[in-house]
Amino acid sequence: MEEEIPGYTVAEAVLEARRCLKCPKPLCKTGCPIENDIPQFNQALSQGNMGEAYRIISQKSNLPAICGRVCPHENQCEGHCVLAKTGKGIKIGRIERFIADFYSENQLSSEKLVPKTQGKVAVIGSGPAGLTVAGDLARKGFNVVVYENEGEPGGVLLYGIPDFRLPKEIVRRETKNIEALGVTFVCNTMVGKDITIDKMFEEGFDAVFIGTGTAIAKGLGIPGEDLKGVIQSSYLLRMNRLYRDGNVGIEEVPVEEGDEVVVIGAGNVAMDACRTAVMLKAKKVTCAYRKTIEFMKAARAEYDGCVKDGVEFAWEHAPLEVIGENGKVTGLKVTTPEGEKVIPCNKVLMAVGSKPAGRVIASTQGIDADESGYVITQQKPYGMTTKKGVFAGGDVVHKPATVVLAMKEAKKVAQGIADYIEARKLLGV
């Protein structure tokens, strides 16, 4: 499937960058969770200096081609642009995407490798948080090894976001850019089973970072959730990705042609599940949400895409029970302002959030988590868990968030890891 939003041409990107007012106190920068130097890279681009524009971005972001595509720009950098009030805000996301794509497609000179003399760090998980920590520490001179359970790195970026929003070749390209910094990826390795954190320390790692995200999908606790045909949206997205890569057959994808599908939720994952079901030729797709559209968590562009694809929205429809016959789904009972009703369907996709898996923590003594399974961390050194030398960040600590918010926290943890290892060296331990 082709990318939904086309990229800029050189002329379009330069023209858009030249509209930037270069404000002395840029609100776009404060609106960006990682405080990207937006006016500076706009200026470099407007002068035709693509390499300098990329250098400026890479000082803050390890994943610019990804952030340029999937960040909720309308709520962050673009929403804070002073021109946004007039409806003519700078398209910062598309500019960032153009710079990153141009840099890679034209093979501009890459960064010089920093000698890996500062220490050795293990990173568990290769989603946004793990990749950010790996890239930041590699640039600081640390030898970083990333352990990934799947067959290739990328985490939720690869297996949780459809191609029409984020083409997989873009994810693979960004991970190769991080690998080029001297980072080693070890895939098909389940931490807690194939290797433990204690074993990592035995092998000479100075610190370990847990960036495993939220692998366990939540349910609603309503009757009928165990019926055949109730599926987690994240599972659909993952299996569809594996099918499209040729790793599983079409029969493993849990939505089939002709299905009548109800998706519960109104976040970006729900929208991705809706559109994926449409792409898989479901007969009808309905998105049911217990609140009104004003409370929708998904980006407006995601919602607009669903409407364009023919998805029906049932606002103020709170799920009460999954109805079934002979163990299979036949409908979803909901309550509405008009009373109870049943939406006929044979597949119900849950998109109501997720929580951390406990495998990594359970295999290591001394790492505390709260009652929901989120890892507890401290402020100094930033991001360290209750076990000395073990750090955590991203969704496994702060609950599911956007890619760039996971990156924001991960950057702070990367500095915390660097400070911790430096302090140990100074103390001679």
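Residues numbered from 1 in each chain as written. Predicted model: local features only at pLDDT ≥ 70, side-chain atom pairs only at ≥ 80, totals over all residues. Heavy atoms only, no water.

A.B. asks: Break down a nonpolar patch on the surface for me, citing the residues and quoting the values.
C.D. replies: Side chains of Leu21, Leu27 and Val82 sit close together on the surface and give an oily, nonpolar patch of about 240 Å² of accessible area. Here Val82 lies in the loop between α6 (77–80) and α7 (92–105). (Patch = residues over 30% accessible without salt bridge, like charges linked within 9 Å, V, L, I, M, F, W, Y side chains within 5 Å. Areas by Shrake-Rupley, 256 points an atom, 1.4 Å probe, with all protein chains shown as cover. Salt bridge = Lys/Arg side-chain N within 4 Å of Asp/Glu carboxyl O. Helix = DSSP H or I, 4+ residues; strand = E, 2+ residues; numbered from the N terminus.)

A.B. asks: So what's going on with the sheet that holds strand β11 (residues 328–336)? Which residues, and what values?
C.D. replies: Strand order in the open sheet made by the 3 strands is β10-β11-β12, with antiparallel pairing throughout. The open sheet has two edge strands with one neighbour each: β10 (318–325) and β12 (339–344). Neighbouring strand axes in the sheet, compared pairwise and without regard to direction, differ in orientation by 25° on average. The pairing of β11 with β12 spans 6 bridges and is classified as antiparallel. Paired with Leu332 across the two strands is Ile343, which belongs to β12. (Pairing = 2+ DSSP bridges. Axes fitted to C-alpha atoms, helices over the stretch in contact; angles between N-to-C directions.)

A.B. asks: A description of the packing of helix α3 (residues 38–46) against helix α4 (residues 50–58) should follow, citing residues and the corresponding values.
C.D. replies: Their axes nearest at 7 Å, the elements α3 and α4 cross at an angle of 170°. Relative to α4, the element α3 is oriented roughly antiparallel. Only Met50, Glu52, Ala53, Ile56 and Ile57 of α4 make contact with α3, whose side of the interface consists of Gln40, Phe41, Ala44 and Leu45. The class makeup of the residues in the contact of α3 with α4 is 7 nonpolar, 1 polar and 1 charged. (Parallel < 35°, antiparallel > 145°, perpendicular 65-115°, else oblique. Contact = heavy atoms within 4.5 Å. Nonpolar A, V, L, I, M, F, W, Y, C, P; charged D, E, K, R; others polar.)

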